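# Commentary on secondary and tertiary structure
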Amino acid sequence: MFDTICAVATPLSAGSIGIIRISGEKSFEIISKIFDRKIQIGMINHGWILNNKNNEKLDEVIVLPFKNPKSFTGEDVIEIQTHGSPVIIREILNLVLKNGARLASRGEFTKRAFLNHKIDLSQAEAVLDLINAKTSKTASLAANNLSGTLKNEINNMRENLIEILAKITASLDFPEDVAEVEYAEILAVLEKAQTKIEKILQNARCHNVLREGIQIAIAGCPNVGKSSLFNALLNIQRAIVTDIAGTTRDTITENIDIDGISATLIDTAGIREGDIDKVEKIGVENSKSVIDNSDIILCLFDGSKGLQKEDTEVFQLSETLKKRLYIETKQDITGKTQQMQETNAGYTAENPIIISSKTMYGIENLKKAIFNEIIGSNVEDSGFLTNQRHQEALRKALEHIEIAKNAAQQEELQDLISIDIKSALLSLGEISGEVVNDEVLDHIFESFCIGK
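Definitions and limits used
Residues numbered from 1 in each chain as written. Predicted model: local features only at pLDDT ≥ 70, side-chain atom pairs only at ≥ 80, totals over all residues. Heavy atoms only, no water. Helix = DSSP H or I, 4+ residues; strand = E, 2+ residues; numbered from the N terminus. Buried < 20%, exposed > 50% of the residue type's maximum accessible area, 1.4 Å probe, protein only. Contact = heavy atoms within 4.5 Å. Core = buried A, V, L, I, M, F, W, Y, C linked by side-chain atoms within 4.5 Å. Pairing = 2+ DSSP bridges. Axes fitted to C-alpha atoms, helices over the stretch in contact; angles between N-to-C directions. Expected span 1.5 Å × (residues − 1). Phe/Tyr/Trp six-rings, centres within 6.5 Å; stacked < 30°, edge-to-face > 60°. Lys NZ or Arg CZ within 6 Å of the ring centre and 35° of its normal. Salt bridge = Lys/Arg side-chain N within 4 Å of Asp/Glu carboxyl O.

## A short note on the side chain of Q391
In this structure, Q391 sits in helix α14 (residues 388-409). Overall, the relative accessible area of 2% leaves Q391 in the buried class. Not counting residues up to four positions away in its chain, the partners in contact with Q391 are L201, A204, H207, N208 and T386.

Written as structure tokens, this is what we have:
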């Protein structure tokens, strides 16, 4: 049995409502000491929180009681909904602490839900993904994880492997009564698991991008239309646009949703050498650093002038190999249209994306190209998200399944095959949390906020 914990579950700032959450065996005892009415389970309780010393009224509140096991944590839970004054919230929290609770650590409510078997570990991680989701696509996939989509996918694989392992074990333990399992049957199960895992891992990079987002740098010489494109992608007038070279002297950043991908869009200062002042020189150095650290670089050149030597020199500034999209600007002046199709080599300086930030010509085509460059055009929607911990466990499981499959193809001893099937099951169990140590749990839940 765990002790009783409490925490503020809403941001500690002025607002309409503040929520204090209590979980543990003393939850109802504590609320009975500070609430002016008897708690009715299964009902919304309205009343006043009282100071223990002199029964002074602190705040008019709503109290929501949840009797174990019908609560998020699986324990007795009390939620106190107060007015959103930080002063009042702190006073009520201190009252709860004085009457027998302790302050919860990061993610401890969700950790207790996992330890009390209300959710598995993939669902616990989904709570954090849902909180941190930066796009509606990521939020939707995280919600699917929370509802058990990934959990069910892993459990189905494990059930099939457990079933074939049980048959192999039975034939080994009772050879006189149970016939040896056909190798074809073992292979069928292993191949099915292999195909499923490989399919999930094919989307691993996509899942990581959806969860973590990307950084996009807009690079080019002065006056090629970087700030205009920045504004066009955001669909707001965020960056100052003039025909004076060096107008943008520092990097400007904004977040943008590109078909479900959270992207940090960075407008860099125009890069040029020669007679520039100290401030512009600092901006140019910042631009070079941003370009080198971005996931993808949008390489802009002025379509009315064509690709110049100076443009090429700017595009080659990155010290590392980066994904690049070449963009010819000012289509409203040149009148060019996007007649060429994207080649296998992608959009190059010879086959650029043609745009006009003024008329918005080619902007949607550019967004699609960014998505395909980062994610790829052949990614399937799996309906759930995986993180790096899941992916590492899947890779280990796949390795053991492949060893077992090769052994089955060679019709080796089935007790040896069973060893790798067991190892694959242990790796899959790491995803759900059936096989997990305290160090891994601490690492996962320390990323949560206090109160969740």
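So much for the structure itself; the text now carries on.
## Side note on the nonpolar core
Judged by nonpolar contacts, the single largest core of 48 residues is most densely connected at I216, L229, L298, L325 and L366. Not counting the four nearest positions on each side in its chain, I216 is found in contact with I258, A263, T264, L265, I266, S294, I296, L298 and I370. Residues I154, L161, I164 and L394 belong to the second largest nonpolar core, which totals 32 residues.

## Brief notes about the sheet that holds strand β2 (residues 15-23)
Within a sheet, each strand pairs with its neighbour through backbone hydrogen bonds, oriented either parallel or antiparallel. Ordered in space as β3-β4-β5-β2-β1-β6, the six strands form an open sheet in which the pairing is mixed. One side of each edge strand has no neighbouring strand; the edge strands of this open sheet are β3 (45-50) and β6 (102-103). Along the sheet, helix α3 (residues 108-115) contacts β1 (5-8), β2 and β6; its crossing angle with β1, the most-contacted strand, is approximately 135°.

## Here's the deal with unusual backbone geometry
Of note, the amide linkage connecting N68 to P69 takes the cis form, showing an omega dihedral of 5°. Following the sequence through the fold, P69 ends up in the loop between β4 (57-66) and β5 (77-84). Despite not being glycine, D259 has its phi angle at roughly 50°, a positive value. Within the fold, D259 resides in the loop between β8 (252-258) and β9 (261-267).

## Structural notes on helix α13 (residues 363-374)
Between its terminal C-alpha atoms α13 stretches 17 Å, which fits the 16 Å expected from 12 residues at 1.5 Å a residue. Looking one or two residues beyond α13, the residue adopting positive phi is G376, at roughly 105°.

## Side note on the packing of aromatic side chains
Counted by the stated rule, this structure contains one aromatic pair. Taken together, a centroid distance of 5.3 Å and an interplanar angle of 40° make the contact between F445 and F448 tilted. There is no split in this pair, since F445 and F448 are both buried. Here the guanidinium or amino end of R21 rests over the ring plane of F109, the centre of that ring lying 5.4 Å away.

## Topic: the pattern of salt bridges
Two side chains carrying opposite charge are able to pair once their charged atoms lie near each other. Within the structure shown, the criterion is met by 17 salt bridges. Between E29 and K33 there is a salt bridge whose closest N-O contact spans 3.4 Å. One end of the pair, E29, and the other, K33, are both in helix α1 (residues 27-34), four residues apart, so they sit about a helical turn from each other. Take E29: its relative accessible area is 41%, and that puts it in the partly exposed class. Judged by relative accessible area, K33 falls into the partly exposed class, the value being 42%. The closest approach of N and O atoms between K111 and D442, which form a salt bridge, is 3.3 Å. Remark: D442 occurs in helix α16 (residues 438-445) and K111 occurs in helix α3; sequence separation between them is 331 residues. Assessed through its relative accessible area of 41%, D442 is described here as partly exposed. By sharing partners, the salt bridges in this structure join D3, E75, R102, E108 and R112 into a single network.

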